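Examining the three-dimensional arrangement
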Amino acid sequence: MSRELFKFKGGVHPPEHKAESNARPVRAAPLPKKLVIPLRQHIGSPAKPLVSVGDRVLKGQMIGEADGTISAAVHASSSGIVTAVDLQPVPHVSGLPDLCISIETDGRDEWMEHGPLDYRALAPADLRIRLRDLGLAGLGGAVFPSAVKLDPGATQHCPTLIINGGECEPWITCDDVLMRSRADEILQGVAIMRHLLGSTEILVGIEDNKPEAVAAMQAAAARMDFAVEIVVVPARYPGGGAKQMIQVLTGREVPSGKLSTDIGIQVFNVGTAYALARAVHHGEPLISRLVTVTGHVLRPQNFEVLIGTPMHVLIALAGERDGTTGVLMGGPMMGMPMPNLDVPVVKATNCILVQSAELFPPLPKALPCIRCTRCADACPAELQPQELFRFAKAGDFGRAQEYHLFDCIECGCCSYVCPSHIPLVDFYRYAKSEIWTREKDKRAADLARERHEFRQFRQEREKKEKAEKLAAKAQAARAQAALDQTQRAELAAAPAAGAAAPSEADAKKALIAAALARAQAKKAGAAPKNTDHLSPGTQREIEEIEARRAKIRELARQPLEPDEKP
Amino acid sequence: MLAAILVMAGIAVAIGLALGWSAIRFKVEGNPLAEKIDAILPQTQCGQCGFLGCRPYAEAIAKGEADINLCPPGGEEGVKKLADLLGVEPKPLDETHGAPKPKSVAFIDEQTCIGCTLCIQACPVDAISGAAKQMHTIIAAECTGCELCLPPCPVDCITMVPIAEDLPHWKWKHPVVMLKQVSGDRSA
């Protein structure tokens, strides 16, 4: 309790709005008629579909396998029949569809065979593969495949393991109620992380606006057989960001462009720890999660939701109200507007925030930047948001990168404090995606250049080889002609010359004879292979044919009659 | 007086030798400016500029023999980058060399293809796979969309398919557009 806490620069303290949803107990959302499960639910390569239309799947069955190292599997959230493997709307700000597996549930919710894993007996690499196949991904928001993060690597060590219970975004309470109600299982998950990473110091950071969660976690920590320190940190947005949490708890900063593991620290969300415990101790893949449904609804609360449940089902459960102006996935600071409400809940869905004109009044029209630098004061990444905005707006992406655009965590503090209501984060996202596109184009251009140059080199080489071949042929022809001439001369000279010429001619004759013998031997060796064990009838037929052939050959050898000549 | 002249002459000879030696020792191979220009060009190798590929065009620009606005795949942005590099005023794209088009990939209709290999010979980046009297196909990841395979095809079985926007290729738009949309919604 005497741990010295540090501060991160900047940050804001927006109204919390947590009391709306964290008072009601967690309720399991009913089984929907249709589940739509996207294959791209994590950062990295999307999963490869394993089922086809018409297949019956069981609850927990793998329907998409991990593709590559940075990937995770996806599973059927309930039993039923696969009705489609096609493009469906997904919870993405663009509104573009993505490959999904649709399952018509049969209401039986029939589990496939599953059981606990003995994680202490398994080799760490095997355990990580099992976890990847159980679809584990970070539930804090970035959905990075957890199996990759649980690999300490050959040289890296993670002496410090931080469990992030910050949940700093307003309105969201799913981690809060998870810690209140399932603290023991969270810490069981932490024990597995500790086993895989070999961490010696385990810190759980929880913001001071969640006293019940802190109490529950402390009680659970006391029951654990290893030391876990529950640290209460002051509530300030974005204190739940991984880099900010590290800074508050340890006073260390993750260097620009590096990972926290480079300074020996790994961070996991409490939800991920819980999912890990379910996976290892029960063999359950990641097929459900807690989702806060709040904002402009009658009964804001947390639901235990199967992945693939349409969002409108949850909003209806929480009590839909008139005057809805939009729905965000996530909180008000970093959340993404949803293109429509048929999109499914995915692993990244921590909150469904229903907006109304009273709760979220539309922003006034953006005014020009007056360079007040309030954004710079609020920026927790210690950037110069006003400069980044200027460069992004002007399309000067190189300068934006020089000003460390990629250290921006898109927390939205700058937009929140901007007196001109400029959607600053949108500009940074625009600049980042432009830079990524350009890098991709650059790689494509480099590949094209390389292939074009190689093609030219190949054509040049082929030309040269052809020319050389032709030259060699001409040379050989000339040599042959010269040889013939000398031979003729020799032949003419032979009667006169005597000893040397006949010996040469003999050698040549011997060579020809040897070649003929070789050819004969080859011919004999290449006799038909299907002539053994023939019935007498077949043998007779063959003999007849052979006789006919001999006759034809004889006929062909005879000179043609003069009148038959053309 | 004489001593001063000799000293000056000696220094001149010494410096001259040093310069002459370093000119040989540190000679730059190739044209570095052409390299830089080539790095900006989009490498489609389409020849729309009138040269036999991106590299010859880059060399022509470096020698001052070609204008900077002849590359339609590079677009206005490419012209601007070239202008920045060369320290000249950017100018609008020369439309006589073609207009910029959305990025596309060639597609061979495998039902119609007769396996004549003419497109394979035309492809500047070896992005077509096939052999004589065998069906050909485009290696989409390596196709630059140069359209050079279209004219030689005797059965017109190659079409250009624009790359559709999907999730991995999606980009955030410039936010000003979004602002306009919001104001439009409010007035409605």
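Residues numbered from 1 in each chain as written. Chains lettered and ligands numbered in written order. Predicted model: local features only at pLDDT ≥ 70, side-chain atom pairs only at ≥ 80, totals over all residues.

**Structural notes on the overall build of chain B**
Test applied: The helix count covers DSSP runs of H or I at least four residues long, the strand count covers runs of E at least two residues long, and both are numbered beginning at the N terminus. In this description the radius of gyration comes from C-alpha coordinates, and the expected globular size is given by 2.2 Å times residues to the power 0.38.
On a plain count of helices and strands, chain B comes out with 6 helices and 4 strands. Element order for chain B, N to C, with α for helix and β for strand: α-α-α-α-β-α-β-β-β-α. In terms of overall size, chain B is more extended than a compact globule, its C-alpha atoms giving a radius of gyration of 26 Å where 188 residues would be expected to give roughly 16 Å. A principal-axis box enclosing the C-alpha atoms of chain B has dimensions of 90 × 65 × 30 Å.

**Here we look at the overall build of chain A**
We count it as follows: A residue pair is marked as a contact if its C-beta atoms, positioned from the backbone, fall within 7 Å.
On a plain count of helices and strands, chain A comes out with 16 helices and 17 strands. Here the analysis covers contacts within chain A between residues at least 6 apart in sequence; of these, 73% occur between residues at least 24 apart.

**Some details on the domain arrangement of chain B**
Interface size, as often reported, equals the accessible area lost upon joining of the parts. Residue and element names in this part refer to chain B. To keep things clear, this is the line we draw: Domain delimitation follows an automatic or database domain assignment. In the scheme used here, Gly and all other residues not listed as nonpolar or charged are polar, with Ala, Val, Leu, Ile, Met, Phe, Trp, Tyr, Cys and Pro taken as nonpolar and Asp, Glu, Lys and Arg as charged.
Segmenting chain B into domains produces domain 1 (32-97) and domain 2 (104-165). A straight line from the C-alpha centre of domain 1 to that of domain 2 covers 26 Å. Across the boundary between the two partners, domain 1 contributes 6 residues, which contact 7 residues of domain 2. Classifying every residue of the side of domain 1 that touches domain 2 gives 1 nonpolar, 5 polar and no charged.

**Quick notes on the nonpolar core**
All names here are of chain A. What counts is decided by this rule: A set of buried residues qualifies as a nonpolar core if it consists of Ala, Val, Leu, Ile, Met, Phe, Trp, Tyr and Cys joined through C-beta atoms within 7 Å. In this scheme the burial state of a residue depends on its C-beta neighbours within 10 Å: 20 or more other such atoms mean buried, 12 or fewer mean exposed, and anything in between means partly exposed; the C-beta positions come from the backbone.
Counting residues in hydrophobic clusters, the biggest one holds 102 residues, and the most contacted among them are Leu136, Met193, Met217, Ala273, Val291, Leu314 and Ile352. Top contributing element to this core by residue count: helix H5 (residues 183-197), with 9 residues. Residue contacts for isoleucine 352: discarding those within four places in its chain leaves Val291, Val293, Met311, Leu314, Ile315, Val327 and Met329. Membership of the second largest hydrophobic core comes to 26 residues, among which are Phe389, Ala400, Leu405 and Cys414.

**Remarks on the confidence of the model for chain B**
All names here are of chain B. Test applied: Looking at any residue, its pLDDT shows the predictor's confidence there, from 0 to 100.
In this model, chain B carries an average pLDDT of 88, and 93% of its residues clear a pLDDT of 70 or more. Considering each helix and strand of chain B separately, the mean pLDDT is smallest for helix H6 (residues 175-187), with a value of 50, and largest for helix H1 (residues 2-25), with 95. Note that residues 177-188 has pLDDT below 50 and, in this model, 7 contacts with residues that lie over four places away or in other chains.

**Quick word on unusual backbone geometry**
All names here are of chain A. The linkage connecting tyrosine 237 with the following residue, proline 238, adopts the cis geometry, with an omega of -5°. A positive phi angle, close to 60°, is found at threonine 373, a residue other than glycine. Among the secondary structure elements, threonine 373 is positioned in the loop between strand S17 (351-356) and helix H10 (374-378). On the basis of neighbour count, threonine 373 is assigned to the partly exposed category, with 14 C-beta atoms found within 10 Å. Of note in the backbone geometry, histidine 404 takes a positive phi value of approximately 65° without being a glycine.

**Notes on the pairing of strand S11 (residues 229-233) of chain A**
Residue and element names in this part refer to chain A. Under the convention used in this document: Think of it this way: DSSP has to see at least two bridges between two strands before they count as a pair. Seen with the strands pointing away from the viewer, any crossover whose path from the first strand over the helix to the second strand runs clockwise is right-handed.
By the bridge criterion, 5 bridges tie strand S10 (residues 201-207) to S11 in an arrangement that is parallel. Looking at S11, one finds that isoleucine 206 is bridged to valine 232. Crossover S10 to S11 through helix H6 (residues 211-222) is right-handed.

**Some points on the interface of chain B and chain A**
Of the residues lining the interface, 24 residues belong to chain B; the matching set on chain A comes to 23 residues. By residue class, the composition of the side of chain B that touches chain A is 10 nonpolar, 7 polar and 7 charged.

**Let's talk about the pairing of strand S9 (residues 160-165) of chain A**
All names here are of chain A. Of all 6 residues that make up S9, 6 are buried, and the element is covered over most of its length. Going residue by residue along S9, you find Thr160, Ile162 and Asn164 tucked away on one face and Leu161, Ile163 and Gly165 tucked away on the opposite face as well. Pairing of S9 with S10 involves 6 bridges; the strand directions are parallel. Bridging across to S10, leucine 161 finds its partner in isoleucine 202.

**Points about the sheet that holds strand S8 (residues 97-105) of chain A**
All names here are of chain A. Taking strand neighbours across the sheet as the criterion, the 4 strands line up as S2-S8-S7-S4 in an open arrangement whose pairing is antiparallel. The two strands at the open ends of the sheet, each matched to only one other strand, are strand S2 (34-38) and strand S4 (56-57). As paired elements, strand S7 (residues 80-89) and S8 share 9 bridges and run antiparallel to each other. When the bridges of S8 are listed, glycine 80 appears paired with threonine 105.

**Re helix H4 (residues 75-86) of chain B**
All names here are of chain B. For the record, the criterion: An expected span of 1.5 Å times one less than the residue number is assigned to each helix. As used here, the arc is the angular range of directions from the helix axis to the C-beta atoms.
Between its terminal C-alpha atoms H4 stretches 17 Å, which fits the 16 Å expected from 12 residues at 1.5 Å a residue. Taken together, the buried positions of H4 are occupied by Gly78, Val79 and Leu82. Down the axis of H4, the buried side of the element spans an arc of 100°, and every buried residue falls inside it.

**So, the domain arrangement of chain A**
Residue and element names in this part refer to chain A. Taken as a whole, chain A is organised into domain 1 (19-29 + 115-356) and domain 2 (364-473). A C-alpha centroid distance of 32 Å is found between domain 1 and domain 2. With 8 residues of domain 1 in contact, the opposing surface of domain 2 contributes 9 residues.

**Some words on H5(A)**
Residue and element names in this part refer to chain A. An ideal rise of 1.5 Å per residue puts 21 Å on 15 residues; H5 measures up with 21 Å between its terminal C-alpha atoms. With 11 of its 15 residues buried, H5 lies for the most part within the structure. Residues of H5 that are buried: Ala183, Ile186, Leu187, Gly189, Val190, Ala191, Ile192, Met193, Arg194, Leu196 and Leu197. Phi for glycine 198, located one or two positions after H5, is positive at around 70°.

**Quick word on the environment of A:Asp484**
Residues and elements named next belong to chain A. By the secondary structure assignment, aspartate 484 is in helix H14 (residues 424-497). Its 10 C-beta neighbours within 10 Å are what place aspartate 484 among the exposed residues. A sequence separation of 73 residues divides aspartate 484 from cysteine 411, and the C-alpha atoms of the two residues are 90 Å apart.

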